[in-house]
Amino acid sequence: MKLSYPILLITLFLIPIVVPAQNVRLASMGGMILAIDDIDNSLNLYDYGNNPSWLIQDEKTDKLKFITNIDNNWGNYKRNLDPLGIHNQKLTASGIKQLSSNETFLGTASYSVERKSDLPNTLKYDTYSGEAFFMTDSATGNFIYDGPSIGFIYNRQLNDNFFAGAEMNYKILNGLKKKYSHAKTLLRILDGKFGLSYQFSNDFIFGMHIGFYDSQESIESKSEELTYLEILNYRGEKYFIIERGSTVDQKLRKKGLLLGLQVSYSPIKDLAFALKLNNDQIGTRILIPQENLINYEEGYADFNNANFEFATRYGVTKNYKIGTMFKFFQSKSWSKNSGENLLLWKWKVNGYNAGIGISYQTDDKKFLFGTEYNYGKTEADSAKYIDNVYRKLSSEVHSIKLGCEVKVISNLFLRIGYNYIFNSWDLRSGGKNLNENVFSGGFGFLFTNFTIEVNASYGSKLAVNQSEFKRNSFEISADVMINNW
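Criteria and cut-off values
Residues numbered from 1 in each chain as written. Predicted model: local features only at pLDDT ≥ 70, side-chain atom pairs only at ≥ 80, totals over all residues. Heavy atoms only, no water. Helix = DSSP H or I, 4+ residues; strand = E, 2+ residues; numbered from the N terminus. Buried < 20%, exposed > 50% of the residue type's maximum accessible area, 1.4 Å probe, protein only. Contact = heavy atoms within 4.5 Å. Lys, Arg positive; Asp, Glu negative; His and termini not counted. Charge placed at Lys NZ, Arg CZ, Asp CG, Glu CD. 1 Å grid on protein atoms, 1.4 Å probe; cavity = no way out; pocket = protein on both sides within 12 Å on 5 of 7 lines; lining within 4 Å. Points joined across faces, edges and corners; volume = space filled by probe spheres on them. Nonpolar A, V, L, I, M, F, W, Y, C, P; charged D, E, K, R; others polar. Core = buried A, V, L, I, M, F, W, Y, C linked by side-chain atoms within 4.5 Å. Polar contact = N/O pair within 3.5 Å; in protein donor to acceptor, adjacent residues only side chain to side chain. Patch = residues over 30% accessible without salt bridge, like charges linked within 9 Å, V, L, I, M, F, W, Y side chains within 5 Å. Areas by Shrake-Rupley, 256 points an atom, 1.4 Å probe, with all protein chains shown as cover. Salt bridge = Lys/Arg side-chain N within 4 Å of Asp/Glu carboxyl O. Phe/Tyr/Trp six-rings, centres within 6.5 Å; stacked < 30°, edge-to-face > 60°.

Q: Lay out the overall build of the chain in plain terms, naming residues and giving numbers.
A: Along the chain, the regular secondary structure elements total two helices and 20 strands. Expressed along its principal axes, the backbone C-alpha trace of the chain runs to roughly 70 × 50 × 40 Å. Expressed as a percentage of the 485 residues in the chain, the buried residues total 49%. Excluding contacts between residues fewer than 6 apart, the proportion of contacts in the chain whose partners are at least 24 apart in sequence is 64%. For the chain, the distance from the average position of its 53 positive side-chain charges to the average position of its 51 negative side-chain charges is 2 Å.

Q: Before we move on, could you go through the layout of surface pockets and cite the residues and values that matter?
A: One simple way to see leftover space: roll a probe sized like a water molecule over the atoms. Here the largest pocket is characterised by a volume of approximately 820 Å³. In terms of lining, the largest pocket is formed by 34 residues, of which the most central are Arg 25, Asp 37, Asp 38, Ile 39 and Leu 446. For the lining of the largest pocket, the secondary structure elements donating two or more residues are helix 1 (24–28), strand 13 (320–337), strand 14 (342–361), strand 16 (389–409), strand 17 (412–425), strand 19 (450–463) and strand 20 (466–483). A class-by-class count of the residues in the lining of the largest pocket yields ten nonpolar, nine polar and 15 charged.

Q: Report on the nonpolar core, specifying residues and quantitative values.
A: One finds Leu 123, Met 135, Phe 143 and Ile 219 to be the most contacted residues of the largest nonpolar core, which totals 30 residues. Listed by contribution, the elements that provide at least two residues to this core are strand 4 (133–157), strand 6 (184–199), strand 7 (204–222), strand 10 (247–265), strand 11 (271–289), strand 12 (295–315) and strand 14. Residues Tyr 46, Leu 55, Ile 96 and Ile 205 belong to the second largest nonpolar core, which totals ten residues.

Q: Please set out the environment of Asn 23 residue by residue, giving values where relevant.
A: For Asn 23, the location among the structural elements is in the segment before helix 1. Spatially, the C-alpha atom of Asn 23 lies 9.9 Å from that of Ser 477, the residues being 454 residues apart in sequence. Within polar-contact distance, the side chain of Asn 23 engages the backbone nitrogen of Arg 25 at 3.1 Å. Reaching out from Asn 23, the side chain makes a polar contact with the side chain of Asp 38 at a distance of 2.5 Å.

Q: So what's going on with a nonpolar patch on the surface? Residues and values would help.
A: There is a patch of nonpolar side chains on the surface, built from Ile 356, Phe 367, Phe 369, Tyr 373, Ile 400, Leu 402, Val 406, Val 408, Ile 409 and Leu 414 and spanning about 800 Å² of accessible area. Residue assignment for the nonpolar patch shows that the elements contributing at least two residues are strand 15 (367–384) and strand 16. With five residues, the top contributor of residues to the nonpolar patch is strand 16.

Q: How would you summarise the packing of aromatic side chains if you had to cite specific residues and measurements?
A: The tally for this structure, following the rule as stated, stands at 21 aromatic pairs. A ring pair is formed by Tyr 125 and Tyr 145, whose centres lie 4.8 Å apart and whose planes are at 80°; its orientation type is edge-to-face. Residue Tyr 125 is located in the loop between strand 3 (103–122) and strand 4, and its partner Tyr 145 is located in strand 4; the two are separated by 20 residues in the primary sequence. Geometrically, the ring pair formed by Tyr 320 and Tyr 360 is tilted, given 4.9 Å between the ring centres and 45° between the ring planes.

So, in structure tokens, the structure goes:
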């Protein structure tokens, strides 16, 4: 898709840390989280703050989960180097075991398959990750990635008030482009964190974590004929260096440090406050093999991401709850040519989100209804020195969520949800006055030691200034949980 104006062409650098699995119940009710009580949606240091040291306090019983997820999105509303369609399948098994009265273990294993159809030219797994470097060939084709991931959390209560926990996750993806350059990708991601928390009283808990991120993406394009390949290594969007050969290799190496603080406070009954502060520092090296198989650093990109989030939840009456959220975030990056020490691109994105939600549940818990409103503003400042392109942009986002849960019989719950999202300027894909509608629904069979949750959703987005471009999405997920296994 050719956009009417040049845009930032960036994706905020999100570290793919493994967190507790998506809540299927809340997803089927429109994804509401602010004022809905759920076993995996508490304002504590684990559910809210992702601190592994609080697992033992959040999960009191043994659980075994099997989660399957199918996610599709397709359409011509996209960035120039995005695929026309993305199809994901993932199967996850997760288990929580109480090793003793003061030790808890969580283990997760999953396998995923991702198909990017009609992917134009680009050979990187995440083309728009914020660096000024692109690796491309001359063909549009399908790229298929698949591979396993494993993770664990070990948590121990050191004394009455002091808790410690460690988390580790490892993921491997193998990719293959089934056209022209026949690029093969091997992506491995290793991340972990160590967390501590201290309970000053029953009402006030403080936590912190320190972690790391390490990934390597190896891309090898190999000619299956007697001719040489031509790979274009873009620096910015206009200029490129051609690499020719029967085999062309490149590596992207990312390393970083992750820091976080969390606080949970409940001064009175039915009132809870929580906040978290995260700061991540990540560096990306573009490595190209030279003579004697020595990897030469051709480019480097630096990322710094910080966010502060505050949430409250209050039971106004027995039937009504109200929740609020405020988040401030900032991401900034610069990319350089390492050999010449030449600055290529510098950008900064900052903004905030604020939301309020309210829910109503009958005394017999047979009917639950909720709604949320969220407002966000984002400002972006981009200076592409190599392309001589400078942009300052801002965007406002309004979203409304509705959700309902009805108890049909003693063990069966039906759920529906709806989202409406308005974006004044989509900073990712360039559309103005973007309208998005998402419809969701599902059901749950709840028994004493056995639960089945199913969710399905369909979404569609359309920009007013580009009515000929549209993007659709469909997702279905199921969660089977066994308690006290």
